[in-house]
Amino acid sequence: MNFSTSPATPQSVHRLHDEASGLDGVIVLHSTRLGPAAGGCRLWRYDEVSAATRDAMRLAEGMAYKNALADLPLGGGKAVLRLPEGQFDRQRLFAAFGRAVAKLGGDYVTAEDVGTTVADMHTVSEHCPFVAGLEPKVGMPGGDPSPWTALGTLLSMREAARRHGCSSLKGLTVAVQGLGNVGSHLCALLHEEGARLVVADMRANFADHVAARFGAAVVAPDEIISARCDIFAPCALGGVIDAKSVKLLRARIVCGAANNILATDEDGDRLADCGVLYAPDYVVNAGGIINVAAEYLGWSAQEAESRVRQTGARLGEVLDLACALAVPPHRAANALARERIAGLATLPQAAGAA
Ligand code: NAD
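What comes next is a walk through the structure. Since the structure is predicted, the reported quantities are computational estimates derived from the model, not experimental observations.

### Some remarks on the layout of surface pockets
So, point 1. In this structure, the largest pocket encloses a volume near 1400 Å³.
So, point 2. Mapped by element, the contributors of at least two residues to the lining of the largest pocket are β4 (41-44), α1 (49-69), α4 (146-163), α5 (181-193) and α10 (287-297).
So, point 3. A breakdown of the residues in the lining of the largest pocket according to their chemical character gives 24 nonpolar, 16 polar and ten charged.

### A word on the nonpolar core
So, point 1. Within the largest apolar cluster, 49 residues are counted, with the highest numbers of intra-cluster contacts made by Met 157, Val 174, Val 176, Leu 190 and Leu 197.
So, point 2. Those residues in contact with Val 174 that lie beyond four places of it in its chain are Met 157, Leu 190, Ala 195, Arg 196, Leu 197, Val 198, Ile 231 and Ala 233.
So, point 3. Of all hydrophobic cores here, the second largest spans 23 residues; its members include Phe 94, Val 101, Met 121 and Val 124.

### Details of the environment of Ser 125
So, point 1. Mapped onto the fold, Ser 125 is located in helix α3 (residues 118-125).
So, point 2. The exposure class of Ser 125 is partly exposed, given its relative accessible area of 30%.
So, point 3. With 62 residues separating them in the primary sequence, Ser 125 and Cys 187 have C-alpha atoms 31 Å apart.
So, point 4. Apart from the residues lying within four places of it in its own chain, the contact partners of Ser 125 are Val 131 and Leu 134.

### Some points on unusual backbone geometry
So, point 1. A positive phi angle, near 65°, is found at Asp 71, a position not held by glycine.
So, point 2. Relative to the elements of secondary structure, Asp 71 occurs in the loop between α1 and β5 (75-82).

### Some points on the site of the ligand
So, point 1. Residues in contact with the ligand amount to 24 residues; listed here are only the nearest, Arg 42, Thr 149, Asp 201, Ala 236 and Asn 259.
So, point 2. The backbone of Ala 257 places a nitrogen or oxygen atom 3.2 Å from an oxygen atom of the ligand.
So, point 3. The cavity that encloses the ligand is the largest pocket.
So, point 4. Residue composition of the shell around the ligand, grouped by class: eleven nonpolar, eight polar and five charged.

### What to know about the pairing of strand β10 (residues 231-234)
So, point 1. Residue alternation in β10 divides its side chains into two sets, Ile 231 and Ala 233 and Phe 232 and Pro 234, and both sets are buried.
So, point 2. Here four bridges tie strand β7 (residues 173-177) to β10, and the two strands are oriented parallel to one another. Bridge pairing in β10 links Val 176 to Ala 233.
So, point 3. Looking at chain direction, β10 and strand β11 (residues 253-254) are connected through two bridges and run parallel. Its bridge partner lying in β11, Phe 232 is registered against Val 254.
So, point 4. In this fold, β10 hands off to helix α7 (residues 243-248), which returns the chain to β11; that crossover is right-handed.

### As for the pattern of salt bridges
So, point 1. For the structure on display, the rule yields 16 salt bridges.
So, point 2. Between Lys 78 and Asp 113 there is a salt bridge whose closest N-O contact spans 3.4 Å. Taken as a pair, Lys 78 in strand β5 and Asp 113 in the loop between β6 (108-109) and α3 lie far apart in primary sequence, 35 residues in all.
So, point 3. A residue is classified by how much of its surface remains accessible, and Asp 113, at 15% relative accessible area, is buried.

### Some remarks on the packing of helix α2 (residues 90-103) against α3
Helix-helix packing is described using two parameters, namely the angle between the two axes and the distance between the axes.
So, point 1. Running from amino to carboxyl end, α2 crosses α3 at an angle of 50°, the nearest separation of the two axes being 8 Å. Relative to α3, α2 is oriented oblique. Judged by the sense of rotation from one axis to the other, the crossing of α2 with α3 is right-handed. In this structure, α2 contributes Arg 90, Gln 91, Phe 94, Ala 95, Phe 97 and Gly 98 to the contact, and α3 contributes Asp 120, Met 121, Thr 123 and Val 124.

### Things to note about the packing of aromatic side chains
The geometry of two aromatic rings is summed up by the distance between their centres and the angle between their planes.
So, point 1. Scanning the entire structure with this criterion turns up two aromatic pairs.
So, point 2. Look at Tyr 65 and Tyr 282: their rings are 5.8 Å apart centre to centre, the planes differ by 65°, and that puts the pair in the edge-to-face class. Remark: Tyr 282 occurs in helix α9 (residues 281-284) and Tyr 65 occurs in helix α1; sequence separation between them is 217 residues. Taken as a pair, Tyr 65 and Tyr 282 share a single burial class, namely buried.

The rules we used
- Residues numbered from 1 in each chain as written.
- Predicted model: local features only at pLDDT ≥ 70, side-chain atom pairs only at ≥ 80, totals over all residues.
- Heavy atoms only, no water.
- 1 Å grid on protein atoms, 1.4 Å probe; cavity = no way out; pocket = protein on both sides within 12 Å on 5 of 7 lines; lining within 4 Å.
- Points joined across faces, edges and corners; volume = space filled by probe spheres on them.
- Helix = DSSP H or I, 4+ residues; strand = E, 2+ residues; numbered from the N terminus.
- Nonpolar A, V, L, I, M, F, W, Y, C, P; charged D, E, K, R; others polar.
- Core = buried A, V, L, I, M, F, W, Y, C linked by side-chain atoms within 4.5 Å.
- Buried < 20%, exposed > 50% of the residue type's maximum accessible area, 1.4 Å probe, protein only.
- Contact = heavy atoms within 4.5 Å.
- Near = heavy atom within 4 Å.
- Polar contact = N/O pair within 3.5 Å; in protein donor to acceptor, adjacent residues only side chain to side chain.
- Sits in = over half its atoms within 2 Å of the grid points.
- Pairing = 2+ DSSP bridges.
- Right-handed = clockwise from strand over helix to strand, strands pointing away.
- Salt bridge = Lys/Arg side-chain N within 4 Å of Asp/Glu carboxyl O.
- Axes fitted to C-alpha atoms, helices over the stretch in contact; angles between N-to-C directions.
- Parallel < 35°, antiparallel > 145°, perpendicular 65-115°, else oblique.
- Left-handed = near helix turned anticlockwise from the far one by under 90°.
- Phe/Tyr/Trp six-rings, centres within 6.5 Å; stacked < 30°, edge-to-face > 60°.

This is how it looks when you write it as structure tokens:
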């Protein structure tokens, strides 16, 4: 197996620039080997398009691995757009984005991500059919994927906690960083399970709202990483685990929905060296893309739900493989995903062979 740390080269990078609408960013297709490159569209502040491109490349690679390990007939891609300065016409921007997606002829399928909404995807759908995350039709999957991402994250936490000898999440303390679409749903599910919550968000009103609903303790955004807890759940942006933050961490488990939680693969090794169980982000947060895939590929809501409910089992298989190969879980997951994309392995075979 290949445990290389160097990022794989993407299949293609498409620069998007439209002065009139303010569209400025990239679409990265990491791989279309298993199917169309699926992955959401992020709208965020970037000083330079080079920073947006770097982010898109990592995110697209993560999507390819996520889709492969979730057993979806999809490759991986990502769109990252720079948030225009000041006022801008959102519909015009996403219309231009829709036209750019159309030009790729179905090689890229978009949906929501940080900073984009169902309404934005509707605008995209007026200009191309290669979009999911739209309002669901009755009995069909679709709409906001965040509740499914949150459910998969909860099931992953249960599996990770089980590895630490806890039969449930009841009474465990979970520190949730970021209380947006996914984080807020996750807090609701954790509250139902009887977990204690410590939360933080850059938007203080989001944290206050979660505190009021679920009795969560609120801490400042720069204190959540060092909060006393059993599980640290990053649900904001990526890169939160780095050489510095590993030392601050007091959790025994890191399991969250954010993409690219590890700043580098070496930071995942550092977690393992400290005895912290890291649940690979793209295994944990696949619920959203499963729902998006179901919508795009025409699967039923039941099929989507049953696939999301396998998230804990899929994490369990990756953790078993990591144990068998004596490597940290993120390296086992990466190696397995690369083999799947190359057509060399399926998850159960690889786990059995190890
Ligand atoms: P969101 O934009 O709705 O929420 C993110 C929240 O994080 C915001 O409320 C923001 O204020 C907060 N935040 C940003 N930086 C922070 C910091 N340093 N400390 C505390 N809070 C901070 O986004 P989302 O849809 O909830 O997605 C969250 C993460 O999960 C992202 O990394 C996303 O890529 C990933 N993800 C989301 C989905 C999905 O279904 N939405 C699926 C897979 C992965």
